Amino acid sequence: MAYETIKYEVKDNILTLTLHRPDKLNAFTGQMMFEMIDAFDKADADDNVRAIIVTGEGRAFCAGADLSAGAKTFDYAEREDRPEKANTPVMANGEIDWSHESVRDGGGRLTLRIFESLKPVIGAINGAAVGVGVTMQLPMDIRLASENAKFGFVFARRGIVPEACSSYFLPRVVGISQALEWTYSGRVFGAEEALKGGLVRSIHKAEDLLPAARELAREIADHTAAVSVSLTRQMLWRMLGADHPMEAHKIDSRAIYARGASADAKEGVMSFLEKRPATYPCKVSQDMPSFYPWWEERKYS
């Protein structure tokens, strides 16, 4: 896929994905959704990519959904640019088929794909991030903000509701009370409040934001085993929904058993004992353990 709304740049094992509609404050479109999903597919298949940074071009991270369609912006049935426009969700009896693909929220398609990522994801939030511009960040593992960043879960002020699976992610990231305050009010708030509320890890001067994100990505890329990081990401995210710690014990046990016999584990121990940098041989593309994935794929139905 040739990208028009994002930039895809890999350097020294770090992929930087840049939302690239600066004249529109990187407003989110269906095309951007498809390009971002494709980019995560590409990154997962590339063993050269050890970590992903997502940022925005210009003075915004993402100003939310592109509102150029005016009153029809969120009325999917009236939008001519929806990918499934030719397939109506209305059944013969006039009722809506709520399981139809055309009902699906585009932001949710993207956040589900980020959730599935095999590579760690760092958000470098350089400016305004409202609506889907903030909810797309929630399945990213770590978020850093510029002093210029602003955030807003503005859905109630647009007559809609939180999307992009944020009713799942946001309370898990910041807690239920903070999540409700921000989504009830729909107000826009600055980086300091985002830090206090647990939405971001740290605040940086504009010129220091990407270097700080790259430093964090470098720590992962230079010192860890890729397969271990990929397994860890899936283990921690997926156990957020487990109903008992036994579910974690099952996966921990299988992962430790499989990894303990791997060439990576041998290298990790010997490099420590020999006081030298480790060189981990296993690759995500071919060396994930046989029990992976341990979950059943969820369908939209």
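Structure first, text after, so check above.
Residues numbered from 1 in each chain as written. Predicted model: local features only at pLDDT ≥ 70, side-chain atom pairs only at ≥ 80, totals over all residues. Heavy atoms only, no water.

**Section: the sheet that holds strand β3 (residues 51–56)**
Note on sheets: strands pair through backbone hydrogen bonds, and any given pair is parallel or antiparallel.
Here is step 1 of the chain: Across the sheet, which stays open at both edges, the six strands sit in the order β1-β2-β3-β5-β7-β10 with mixed pairing between neighbours. In this open sheet, the two strands that pair with only one neighbour each are β1 (6–11) and β10 (202–204). Averaged over all neighbouring strand pairs, the angle between strand axes comes to 20°, with direction disregarded.
Here is step 2 of the chain: The pairing of strand β2 (residues 14–19) with β3 spans six bridges and is parallel. Across the sheet, the residue bridging to Leu17 is Val54, located in β3. (Pairing = 2+ DSSP bridges. Helix = DSSP H or I, 4+ residues; strand = E, 2+ residues; numbered from the N terminus. Axes fitted to C-alpha atoms, helices over the stretch in contact; angles between N-to-C directions.)

**Some thoughts on the nonpolar core**
Here is step 1 of the chain: Leu17, Met36, Val54, Phe61, Phe151, Phe153 and Leu199 are the most contacted members of the largest nonpolar core, which has 46 residues in total.
Here is step 2 of the chain: Met36 has contacts with Ile6, Leu17, Leu19, Val54 and Leu110, leaving out every residue within four places of it along the chain.
Here is step 3 of the chain: Counting 12 residues, the second largest nonpolar core, distinct from the first, contains Leu118, Leu231, Ile251 and Cys282. (Core = buried A, V, L, I, M, F, W, Y, C linked by side-chain atoms within 4.5 Å. Buried < 20%, exposed > 50% of the residue type's maximum accessible area, 1.4 Å probe, protein only. Contact = heavy atoms within 4.5 Å.)

**Some points on the layout of surface pockets**
Here is step 1 of the chain: Considering only enclosed or pocket space, the second largest pocket measures out at about 1000 Å³ in volume.
Here is step 2 of the chain: Around the second largest pocket, the lining comprises 25 residues; the ones closest to its centre are Phe115, Arg238, Trp295, Glu296 and Arg298.
Here is step 3 of the chain: Elements represented by at least two residues in the lining of the second largest pocket include exactly α2 (106–115), α4 (166–174), α8 (226–239) and α9 (245–260).
Here is step 4 of the chain: Top element by residues in the lining of the second largest pocket is α9. It accounts for four residues. (1 Å grid on protein atoms, 1.4 Å probe; cavity = no way out; pocket = protein on both sides within 12 Å on 5 of 7 lines; lining within 4 Å. Points joined across faces, edges and corners; volume = space filled by probe spheres on them.)

**Let's talk about the side chain of Thr183**
Here is step 1 of the chain: As for its placement among the helices and strands, Thr183 is situated in helix α5 (residues 176–185).
Here is step 2 of the chain: Classification of Thr183 by relative accessible area gives buried; the value is 16%.
Here is step 3 of the chain: Of the polar contacts made by the side chain of Thr183, one reaches the backbone oxygen of Leu180; its length is 3.4 Å.
Here is step 4 of the chain: Residue contacts for Thr183: discarding those within four places in its chain leaves Phe153, Ala156, Pro162 and Leu170. (Polar contact = N/O pair within 3.5 Å; in protein donor to acceptor, adjacent residues only side chain to side chain.)

**Focus on a negative patch on the surface**
Here is step 1 of the chain: A surface patch of negative charge is lined by Glu147, Glu192, Glu207 and Asp208.
Here is step 2 of the chain: Checked against the element boundaries, Asp208 lands in helix α7 (residues 206–223). (Patch = residues over 30% accessible without salt bridge, like charges linked within 9 Å, V, L, I, M, F, W, Y side chains within 5 Å. Areas by Shrake-Rupley, 256 points an atom, 1.4 Å probe, with all protein chains shown as cover. Salt bridge = Lys/Arg side-chain N within 4 Å of Asp/Glu carboxyl O. Lys, Arg positive; Asp, Glu negative; His and termini not counted. Charge placed at Lys NZ, Arg CZ, Asp CG, Glu CD.)

**Structural notes on the packing of helix α1 (residues 30–45) against α2**
Helix packing for two helices is described by the angle between their axes and how far apart those axes are.
Here is step 1 of the chain: Between α1 and α2, the least distance of the axes is 9 Å, while the angle of their chain directions is 10°. The pairing of α1 with α2 is recorded here as roughly parallel in orientation. Residues Met33, Met36, Ile37, Phe40, Asp41 and Asp44 of α1 touch α2, and the partners they reach there are Gly106, Arg109, Leu110, Arg113 and Ile114.
Here is step 2 of the chain: Its residues assigned to classes, the contact of α1 with α2 comprises six nonpolar, one polar and four charged. (Parallel < 35°, antiparallel > 145°, perpendicular 65-115°, else oblique. Nonpolar A, V, L, I, M, F, W, Y, C, P; charged D, E, K, R; others polar.)

In short, geometric facts, not functional conclusions.
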